[in-house]
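Residue-level structural notes
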Amino acid sequence: MKTGELKELFRQSCSRMFGCGLEEATEKQAYKVVCDTTRELLAERRRAFQKEVRAKERKQVYYMSMEFLVGTSLRNNLYNMGILDQTKELLEGYGFSLERLCALEPDAGLGNGGLGRLASCYMDSATGLDLPMTGFSIRYEFGIFRQKIVDGWQMEFPDNWLDMGGVWLQAREDDAVEVHFGGETHEWMDGDRFKVAHVGYETVRAVPHDMYISGYGGKAVNRLVLWSAKLPQSFDMAAFSRGDYVRALEENTMAETISKVLYPADDHISGKRLRLKQQYLLVSASLQSILAAHLKQYKTLENLPDKVAIHINDTHPALCVPELMRLLIDEHGYGWDEAWDLTCRTLSYTHHTVMSEALERWKIDLFNEQLPRIYTIVEEINRRLMEKLHAVYGDDHAKLEYMAVIAKGEVRMANLCLAACHKVNGVSALHTAILKNGIFHDYFVLDEDRFLNVTNGIAYRRWLCQSNPALTGFLKELIGDGFTKDAVELEKLLKHRNDKKVLAELARIKRENKVRLAKLIADKNGVLVDPDSLFDVQIKRLHEYKRQLLNVLHILSLYLQIKDNPAAPFTPRTFVFAAKASAGYIRAKQIISLIVAVSNLVNADPAVRDKLKVVFIEDYKVSLAEIIIPAADLSEQISVAGKEASGTGNMKLMINGAVTIGTLDGANVEICDQVGEENMFLFGLHADEVESLWKRGYSPREFLTPELERVLQMLTSGVLGQRFDDIVASLLTDRFGAADCYMTVADFADYARAQREVSAAYPDTKRFTQMSLVNIAEAGVFSADRAVRQYADEIWGL
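Residues numbered from 1 in each chain as written. Predicted model: local features only at pLDDT ≥ 70, side-chain atom pairs only at ≥ 80, totals over all residues. Heavy atoms only, no water.

1. Quick notes on the packing of aromatic side chains
Counted under the stated rule, the structure contains 15 aromatic pairs. Residues Trp694 and Tyr698 carry aromatic rings whose centres are separated by 5.5 Å and whose planes lie at 80 degrees to one another, so their mutual orientation is edge-to-face. When its relative accessible area of 11% is taken as the criterion, Tyr698 is described as buried. In this structure an aromatic cluster arises from ring pairing among Tyr63, Phe68, Tyr122, Tyr791 and Trp796. Lying over the aromatic face of Phe145, Lys580 brings its terminal NZ or CZ to 5.1 Å of the ring centre. (Phe/Tyr/Trp six-rings, centres within 6.5 Å; stacked < 30°, edge-to-face > 60°. Buried < 20%, exposed > 50% of the residue type's maximum accessible area, 1.4 Å probe, protein only. Lys NZ or Arg CZ within 6 Å of the ring centre and 35° of its normal.)

2. Examining the state of the cysteines
Inspection of the entire model under this criterion finds 0 disulfides. With no disulfide of its own, Cys102 has Cys35 as its nearest cysteine by sulfur position, at a separation of 8.1 Å. (Disulfide = S-S within 2.5 Å.)

3. Quick word on the packing of helix H2 (residues 27–55) against helix H3 (residues 74–81)
Between H2 and H3, the least distance of the axes is 11 Å, while the angle of their chain directions is 45 degrees. Put simply, H2 runs oblique to H3. Seen along the crossing, H2 lies across H3 with a hand that is left-handed. Between H2, through Tyr31, Val34, Cys35, Thr38, Leu41, Leu42 and Arg45, and H3, the contact on the second element is made entirely by Leu74, Asn77, Leu78 and Met81. Class assignment for the residues of the contact of H2 with H3 results in 8 nonpolar, 2 polar and 1 charged. (Axes fitted to C-alpha atoms, helices over the stretch in contact; angles between N-to-C directions. Helix = DSSP H or I, 4+ residues; strand = E, 2+ residues; numbered from the N terminus. Parallel < 35°, antiparallel > 145°, perpendicular 65-115°, else oblique. Left-handed = near helix turned anticlockwise from the far one by under 90°. Contact = heavy atoms within 4.5 Å. Nonpolar A, V, L, I, M, F, W, Y, C, P; charged D, E, K, R; others polar.)

4. As for the environment of His422
Mapped onto the elements of the fold, His422 is located in the loop between helix H17 (413–420) and strand E16 (424–426). On a C-alpha basis, the gap between His422 and Tyr349 in space is 8.2 Å, while along the polypeptide they are 73 residues apart. One polar contact links the side chain of His422 to the main-chain carbonyl oxygen of Ile795, over a distance of 3.2 Å. (Polar contact = N/O pair within 3.5 Å; in protein donor to acceptor, adjacent residues only side chain to side chain.)

5. Digging into the pairing of strand E6 (residues 177–181)
Of the two faces of E6, only the one carrying Val177, Val179 and Phe181 is buried; Glu178 and His180 on the other face are not. Relative to strand E9 (residues 202–214), E6 runs antiparallel, the two being bridged by 5 bridges. Paired with Val177 across the strands is Ala206, a residue of E9. (Pairing = 2+ DSSP bridges.)

6. Here's the deal with the sheet that holds strand E19 (residues 573–578)
With parallel pairing, the 6 strands of this open sheet are ordered in space as E20-E19-E18-E21-E22-E23. Strand pairing shows two members of the sheet lacking a second neighbour, strand E20 (612–616) and strand E23 (681–682), which therefore form its edges. In this structure, strand E21 (residues 634–637) lies alongside strand E22 (residues 659–662), joined through 4 bridges in parallel fashion. Residue pairing for E22: Gln637 is matched across the bridge by Gly662.

7. So, the environment of Gly218
Inspection of the secondary structure assignment puts Gly218 in the loop between E9 and strand E10 (221–230). Residue classification places Gly218 among the buried residues on the basis of a relative accessible area of 13%. Through-space distance from the C-alpha of Gly218 to that of Ala746 is 49 Å; in sequence the pair is 528 residues apart. With residues near it in sequence (within four places) discarded, Gly218 still touches Arg45, Gly128 and Asp130.

8. Brief notes about the pairing of strand E4 (residues 153–157)
One ladder, built from 5 bridges, connects strand E3 (residues 146–150) with E4; its direction is antiparallel. Across the sheet, Arg146 pairs through a bridge with Phe157, a residue of E4. What sits between the antiparallel neighbours E3 and E4 is a turn of 2 residues, in which Asp151 has the positive phi angle 50 degrees.

9. Focus: the pattern of salt bridges
Taken as a whole, this structure holds 52 salt bridges when the rule is applied. The residue Arg373 makes a salt bridge to Asp330 at a minimum N-O spacing of 2.8 Å. Pair noted here: Arg373 is in helix H15 (residues 372–393) and Asp330 is in helix H12 (residues 320–331), with a separation of 43 residues, a long-range link. Note on Asp330: relative accessible area 28%, which makes it partly exposed. Here the salt bridges share partners, and the residues they tie into one network are Asp337, Glu380, Arg383, Arg384 and Glu387. (Salt bridge = Lys/Arg side-chain N within 4 Å of Asp/Glu carboxyl O.)

10. Things to note about the sheet that holds strand E15 (residues 410–412)
Ordered by their spatial adjacency, 3 strands build an open sheet running E13-E15-E14, and the pairing between neighbours is antiparallel. The strands lining the two open edges of the sheet, one partner per strand, are strand E13 (361–363) and strand E14 (406–407). Where E13 meets E15, 3 bridges bridge the pair, whose relative direction is antiparallel. Of the residues in E15, the one forming a bridge with Arg361 is Arg412. Of the strands in this sheet, E13 and E15 are in contact with H17, which crosses E15 at around 50 degrees.

What is shown is where atoms sit, not what they do.
Set out below in structure tokens:
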């Protein structure tokens, strides 16, 4: 686009929105003008792309996910559209800084962790590859939450992201659909036709809001459709007229809670009920809109699997299975067998975990109370499934119960997907092997061709090209810009691994990024950190299996080493943590509290101040990660082997030159295959060793070293300003279930050994920078482009 054309669009937008010229606008108004103009440009491209898709009758993908961790959109869209530099120059002419305007934009409150970030990466890549893909989720008014650390404890506050982030959304009130909850069903036979009536239900109106998704260098623009919940009649006039003002608005307020918050706390029945409602609203509204669009173009649903691929991203949207059956049978007159055939051939499923507690289940009473018609369909799916499995496995009741959709008073959402979806994939080679040979083995042997692996990938243009412009610019000078279209071209960097000038420049760029992060830490935490120290980074959702606890226990052991022998050589370290714990996850909150307590102890002690710093940066989000990741020297990927499905933070850190310290878990295995063991720091039990240890009987005290025992005594002594008896008890006793269920104690000694290797390697700048270079060069295979192409070819049939 010509600069003059873009300038005129800015002028028109400013005049329309605020009745003034851009030279008179405030900074906030200028931000909204640039966002509005960008959105209109995307809308124009979207119309052209959609027209082409319809004309060619291309198959379309619909990606169902409870979360899309989009981050901020302004810089990403300008970059992808190729107008970033033009916009920056134009704004400078009016006295505005694009950097400052971008800083006004909040992260979209639509996700929490890797699941949502993966979904967003895939939307970006599919768009850049000119694949027609629509994402579906919920427009959470307050996102997950805004995290504040108050007296060392995580507190949750509303994240009012729509105030400045809502500029990207376009509501389509006329396309709202009705979703029904509660009530009861009546069934009868009308001749040879089965009939059902759902009566006495509560109606919620789902309103779609479009967010346009751009892709790098392509002509496509895709859509993320976000549903908000309202009542059809949002105001009780009769109640208002008699002075009952609260009741006049009460029912609509209750309906709107469905789209208020992502992952409401579910340690009580009201929270569970709300989560189930969220999942059904997403699924029902989305499937209704998909079928309506399909019928409008093709006038029939007979070709649905040929023109539509609906992908279920983890178990949250598993209700796609019975809801698609309901729509086909109840609304469109299909018989069971025909509807089941269409459903199975249309749906596919990515399974994201091996954690048994994350295999979502719903109590029958709650499920039937909220979704009575859906429950009758699930019952029939289960009845037919049991007949099929009995023919294969006979009277093996334990196996049949394990594979059932309904068993032990619960509806099992993973098994619901396994019963129906024509393709099921894991997200790393190790994870998929565990699915095939472990938790889903009995389904796998029924139809081995249904199961496959698609290792996760990242939108590297965001995480490298946008987040690390200095490194990107240097790479372009060195190897050309081909890697911006094909990440595998990063391998060209390998021929420079012994070039002293290249290594020096890589080290200089890394330090520059560390200086930027050090400034942020000083501003946010009031802690001064040394950019010449080793930046050791662990940033991810707080969960026990990710073992932030292992990291912080080791930090205390380093602290004691320095105190015991202040004159001993020591490689200075800055440990950086950032993580949110689910609101109801008390142990995770205790671990955050421990990290904060350790940081207070360490940072205040003059004996260690020049050798050790610990910071916990609150309110972790995409825009914060974009500053931390380019500055990381060491990437902590230390989950117990066999628990992390894949991970994507490991890939983002790798492509920015961080060296991994980790177990052979998730995609770490494939990272090791790419870079070699000599270019990462491996430790810990392997997945099969973990399994064997559990089988023979794991006792943490067998592995308790004097070093770790001394650290654990600190946790209960009060030296940290408070006691952490529960954490110690969870590691050494069975008071809270199995002792040390993520084998922190078992892996501690080998983790400390690997960290000593890190301390020895880092002062050798040439060696460590070579390791960094190899990680950058070998990261291309982890591009989301590769993953999306595989989905398109092997699962979606594009």
